[in-house]
Amino acid sequence: MDILLIAGLWLDGSAWDDVVPTLEALGHRPVPLTLPGQGDGSASAALDDQVAAVLAAVDSASEKPMVVGHSAACTLAWLAADARPEKVAKVALIGGFPSADGEPYADLFEPKDGVMPFPGWGPFEGPDAADLDEEARRSFASAAIPVPEGVTKGMVRLVDDRRFDVPVVVVCPEFTPAQAKEWIGAGDVPELAKARHLDFVDIDSGHWPMVSKPIELARLLAAAAAEA
């Protein structure tokens, strides 16, 4: 299966470098995406540009792909399901949940000069980054790409209820499947509360399993694709 891989904030397609070989060895066709404003040198990219890049990858896939979103990009994967419900075989959400219609995409930290830089490790101390050693942290921070404000403050627009028919798997790294179910049941994730085919899988990692547990993550994604 074609597996589109969309990394979260501050990351480009190279975030998946250690995941791709295992997916290929398991017979899949991984396609890591480098989003406008996150690796192409553009500081003026908008959320619509990133959505367009994801939809272009969906449209060019040889068959119905599984769209994988990590962290904030869980919303991009869900926007793909909304815009192409008949073309997306499955959505996999790693360490995050889709924003609802009318919410900002990822207005999380203070922008500076039109971009939102990586804020350092302070906000991620604890389960998020506990499995990243100092070398991994330095490497991540030095490669982190400031995300254009036009992306982070872009408004999410969801229009097609057929998205709720697209199967979803929630990959739970720094939280457990039980916690994710509790949040959804409490109304904190209204989009997934309406999803008609929802599964959960656990991975013992922090927020960036593509860095700390790439082989295990690839196997989980391959298993999810096989069930699509």
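Now for a quick tour of the structure. (Residues numbered from 1 in each chain as written. Predicted model: local features only at pLDDT ≥ 70, side-chain atom pairs only at ≥ 80, totals over all residues. Heavy atoms only, no water.)

### Quick look at the pattern of salt bridges
Move 1: This model, assessed by the stated rule, comprises 13 salt bridges.
Move 2: Residue Glu63 is joined to Arg29 by a salt bridge in which the shortest nitrogen-to-oxygen separation is 3.4 Å. Residue Glu63 is located in the loop between α2 (47-60) and β3 (66-70), and its partner Arg29 is located in strand β2 (residues 29-33); the two are separated by 34 residues in the primary sequence.
Move 3: Between Arg137 and Glu125 there is a salt bridge, and its shortest N-O distance comes to 2.9 Å. Taken together, the residues Arg137 in helix α4 (residues 134-143) and Glu125 in the loop between β5 (115-116) and α4 connect sequence positions 12 residues apart.
Move 4: Salt bridges sharing common partners tie together Asp82, Asp161, Arg163 and Glu191. (Salt bridge = Lys/Arg side-chain N within 4 Å of Asp/Glu carboxyl O. Helix = DSSP H or I, 4+ residues; strand = E, 2+ residues; numbered from the N terminus.)

### Quick look at the packing of aromatic side chains
Move 1: Summed over the entire model, instances satisfying the criterion amount to 16 aromatic pairs.
Move 2: Centre to centre, the rings of Phe118 and Trp121 are 5.1 Å apart; their planes meet at 70°, and the pair counts as edge-to-face.
Move 3: Look at Phe118 and you get buried, because its relative accessible area is 14%.
Move 4: Taking relative accessible area as the criterion, Trp121 reaches 14% and is therefore assigned buried.
Move 5: Members of the aromatic cluster, connected to one another through ring pairs, are Trp10, Phe109, Phe118, Trp121, Phe124, Phe140 and Trp208.
Move 6: A cation over an aromatic ring shows up here: Arg137 above the ring of Trp121, its NZ or CZ 5.5 Å from the ring centre. (Phe/Tyr/Trp six-rings, centres within 6.5 Å; stacked < 30°, edge-to-face > 60°. Buried < 20%, exposed > 50% of the residue type's maximum accessible area, 1.4 Å probe, protein only. Lys NZ or Arg CZ within 6 Å of the ring centre and 35° of its normal.)

### As for the packing of α2 against helix α3 (residues 74-83)
Move 1: For the pair α2 and α3, interaxial distance at closest approach is 10 Å and the crossing angle is 65°. Our pair here, α2 against α3, has a crossing hand that is right-handed. Mapping the contact onto sequence places Leu47, Gln50, Val51, Val54, Leu55 and Val58 in α2 and Leu76, Leu79, Ala80 and Ala83 in α3.
Move 2: Of the residues contributing to the contact of α2 with α3, the split by class is nine nonpolar, one polar and no charged. (Axes fitted to C-alpha atoms, helices over the stretch in contact; angles between N-to-C directions. Left-handed = near helix turned anticlockwise from the far one by under 90°. Contact = heavy atoms within 4.5 Å. Nonpolar A, V, L, I, M, F, W, Y, C, P; charged D, E, K, R; others polar.)

### Focus on the sheet that holds β2
Move 1: If you trace the six strands from one edge of the open sheet to the other, you get β2-β1-β3-β4-β7-β8, paired in parallel fashion. Each edge of the sheet is formed by a strand with only one pairing partner; in this case those strands are β2 and β8 (198-202). The mean inter-strand angle of the sheet, taken between neighbouring strand axes irrespective of direction, is 20°.
Move 2: Where β3 and strand β4 (residues 90-94) come together, five bridges link them in parallel fashion. Paired with Val67 across the bridge in β4 is Val91.
Move 3: Each of β1 (2-6), β2 and β3 is contacted by α2, which is oriented at about 170° to β1, the strand it contacts most.
Move 4: The strands that α3 touches are β1, β3, β4 and β7 (168-172); relative to β3, the one it contacts most, it runs at about 150°. (Pairing = 2+ DSSP bridges.)

### A few points about the environment of Leu93
Move 1: With respect to the helices and strands, the residue Leu93 is situated in strand β4.
Move 2: Among all residues touching Leu93, those that are not within four sequence positions of it are Gly69, Cys74, Ala77, Pro98, Val168, Val169, Val170, Val171 and Leu192.

### Here we look at the side chain of Ser205
Move 1: Its place among the elements puts Ser205 in the loop between β8 and α8 (209-212).
Move 2: Residue Ser205 is classed as buried on the basis of its relative accessible area of 9%.
Move 3: Residues contacting Ser205, with those up to four places away along its chain left out, are Asp131, Pro173, Glu174, Ser212 and Lys213.

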